[in-house]
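Structure assessment
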Amino acid sequence: GKRIVWFRRDLRLNDQTALSRAVQDSGEGDELLFIFHIHPKLIEEFTVRHDYFFQTVDALVKDCEAYKAPIHFLYGKEEEAFSQLINNAGEISGVYFNYDEVGFGKQRDDHMIEWFHEQGIPVYSSIDHHIHSAREVTKKDGGFYKVFSPYFKQWQQLDKPELQTVDLEKVKRYGVDEREHYKKGGNKWESLKKQFDYKGNDIGEKAALERLHVFLDGAIYDYEEHRDFPAVDGTSLMSRFLKTGAISPRTIYHKIREETDGRKGQKGIDTYIQEIAWRDFYNMIYHFYPEAHNLEMVEKYQGIDWNVDEEYLERWKKGETGFPLIDAAMRQLNETGWMHNRLRMAVASFLTKDLLMDWRLGEKYFQERLVDYDAASNIGGWQWAASTGTDPVPYFRVFNPTRQSERFDPHGRFIKEWVPELENVEKKYIHAPGTMPEDIQQKAGCLIGKDYPEPIVDHKTMRNKAIDRFKQVKDYN
Ligand code: FAD
């Protein structure tokens, strides 16, 4: 019969658990049918994130065609779309997919597993998206970790999963092309493709492997020293590929083990692997605490009275706050769909502490703009910065945006790349251009208040206010 492989956020042909299983289970007389389901909710809006994601789907479409096993598109609400599949496909021996442990994906999967069973169709759902899944790293008493360091200790001790190799020759042999039956989805796909606009050579499985190779060839050894400096190309840029599943975290892990040499910089390798574990940690947290999407994880902070100010929010989004590093970061996000980790921490701290605004607004804006948007990591990161999450930055340790700038972009190189108004401002003033005397402003061709804004808030004042607000909640709840 037919084995259905349902692709979602695992858009690759290598080291892909569901695909690997479906191919392994196939023998003479079997057929492999590859599906991508376009949910109407997924395309209600079309931001850079969707653009990037669907271009990765397109890369997979091409890779699959090379193996004569094309992707078939379904469109509509799940049950409706899959009823069409069942009606067209004939005898189905199984549906294979990689299970989502969090968020919308989890709800969909839990529902569809039941639905397929009702239709009498066997479901093979696999755990694939992380090195260690949400329920694998738990405390001795069965509870889940809320703090990263003990979690990581346990994470390190566990055996790491093997690669899930896919026999691509078998894909070629058993793949079927029945696209004429799935016109509705096919049409939807063609119309989506017309909206493509994201340009970059960072899309799909080949690009992911190439980038990983470049990173493992050099930058990983200096990762510990370089990863906090946004002007340096010091991080792996793997997040976008992990988000779409163009690469598997197992592949990253095994390639590090095989291709790096600890003598060139073990610390860099160790720190990098720890970051990959943070991704697992936040997936685990979101799995056990699905309310985190909307609710502060520390209960007493659920009552914090956040400021509401549309104008400040807009200024933050556009990168017009008068704090150069914050502005450069937001413009990097707006123009490229990615932001450096150090800057994500800085702008999230700025929104929640210097503007005292609701972290959910920031989480939502990142969701719209990030090509690597991952609900678990994004919610985790925002609640960390807002001091409302598990293992967060303590509320009394408020980042100073000017100090962050001096430390992590000492020469203002990153700032000048993204905030051209400040191009001729000398190093002495680049982190606080509002303090430039008037004659120097003239000389730099940058009049404060006209060419570049005054700082919209006073950091010291806001820092004290933020601390007070957290303290109040602490005292009265
Ligand atoms: P590298 O430094 O090369 O790290 C390697 C990989 O480790 C990353 O690709 C990522 O998968 C993982 N990783 C690193 N840091 C973290 C972290 N703090 N939490 C979880 N995983 C991590 N990451 C996302 O993938 N999607 C998001 O939506 C997201 N939102 C964030 C929001 C905030 C407020 C903060 C502070 C962080 C957020 N992060 C998010 C984590 C981190 O900023 C990015 O993963 C990282 O910048 C991606 O660039 P890179 O691949 O070059 O990272």
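Residues numbered from 1 in each chain as written. Predicted model: local features only at pLDDT ≥ 70, side-chain atom pairs only at ≥ 80, totals over all residues.

As recorded in an unreviewed UniProt entry, the protein goes by the name Cryptochrome/photolyase family protein, listed as coming from Halobacillus campisalis. Here the protein is described in UniProt, under the heading Sequence similarities (unreviewed entry), as follows: "Belongs to the DNA photolyase family." UniProt annotates the protein under Cofactor (unreviewed entry) with the comment "FAD". (UniProt positions renumbered as here; feature names shortened; annotations may be inferred.)

**Considerations on the overall build of the protein**
Tallying secondary structure elements over the protein gives 22 helices and five strands in all. Relative to the compact-globule value of 23 Å for 477 residues, the protein shows a C-alpha radius of gyration of 24 Å, a close match. Referenced to the eigenvectors of the C-alpha coordinate spread, the extents of the protein come out at roughly 80 × 50 × 50 Å. Across the 477 residues that make up the protein, the buried fraction comes to 43%. Partitioning the intrachain contacts of the protein with sequence separation of at least 6 by distance along the chain shows that 75% fall at a separation of at least 24. (Helix = DSSP H or I, 4+ residues; strand = E, 2+ residues; numbered from the N terminus. Rg over C-alpha atoms; globule rule 2.2 N^0.38 Å. Buried ≥ 20, exposed ≤ 12 C-beta atoms within 10 Å, placed from the backbone. Contact = placed C-beta atoms within 7 Å.)

**Points about helix α2 (residues 48-66)**
The end-to-end C-alpha distance of α2, which contains 19 residues, comes to 27 Å, matching closely the 27 Å that a straight helix rising 1.5 Å per residue would cover. If you check which residues of α2 are buried, you get Val48, Arg49, His50, Tyr52, Phe53, Phe54, Gln55, Thr56, Val57, Ala59, Leu60 and Cys64. Just beyond α2, the residue with positive phi is Lys68, at close to 55°. (Expected span 1.5 Å × (residues − 1).)

**Details of the site of the ligand**
Close contacts around the ligand come from 28 residues, with Thr235, Ser236, Ser239, Asn378 and Gly381 the closest. Elements with a contribution of two residues or more to the shell around the ligand: α10 (239-244), α12 (266-288), α15 (341-354) and α17 (375-385). With six residues, α17 is the single largest residue contributor to the shell around the ligand. Here the residues of the shell around the ligand sort into 13 nonpolar, eight polar and seven charged. Per-domain counts for the shell around the ligand show at least three residues from each of domain 2 (204-288) and domain 3 (299-476). (Near = placed C-beta within 6 Å. Nonpolar A, V, L, I, M, F, W, Y, C, P; charged D, E, K, R; others polar. Domains from an automatic or database assignment.)

**Here's the deal with the sheet that holds strand β2 (residues 31-38)**
An order of β3-β2-β1-β4-β5 is seen for the five strands of this open sheet, with the pairing classed as parallel. Edge positions in the sheet fall to β3 (71-75) and β5 (123-126), since each of these pairs with one other strand and no more. Ignoring which end each strand starts from, the neighbouring axes of this sheet average 25° apart. Alignment of strand β1 (residues 2-7) against β2, held across six bridges, turns out to be parallel. Across the sheet, the residue bridging to Ile4 is Leu33, located in β2. Sheet strands in contact with helix α1 (residues 17-25) are β1, β2, β4 (92-98) and β5, and its direction is about 155° off that of β4. Each of β1, β2, β3 and β4 is contacted by helix α3 (residues 78-89), which is oriented at about 130° to β3, the strand it contacts most. (Pairing = 2+ DSSP bridges. Axes fitted to C-alpha atoms, helices over the stretch in contact; angles between N-to-C directions.)

**A closer look at the UniProt feature "domain: Photolyase/cryptochrome alpha/beta" (unreviewed entry) in the protein**
UniProt tags residues 1-131 as "domain: Photolyase/cryptochrome alpha/beta" (unreviewed entry). Annotated as 43% helix and 23% strand, the span residues 1-131 places its first and last C-alpha atoms 32 Å apart.

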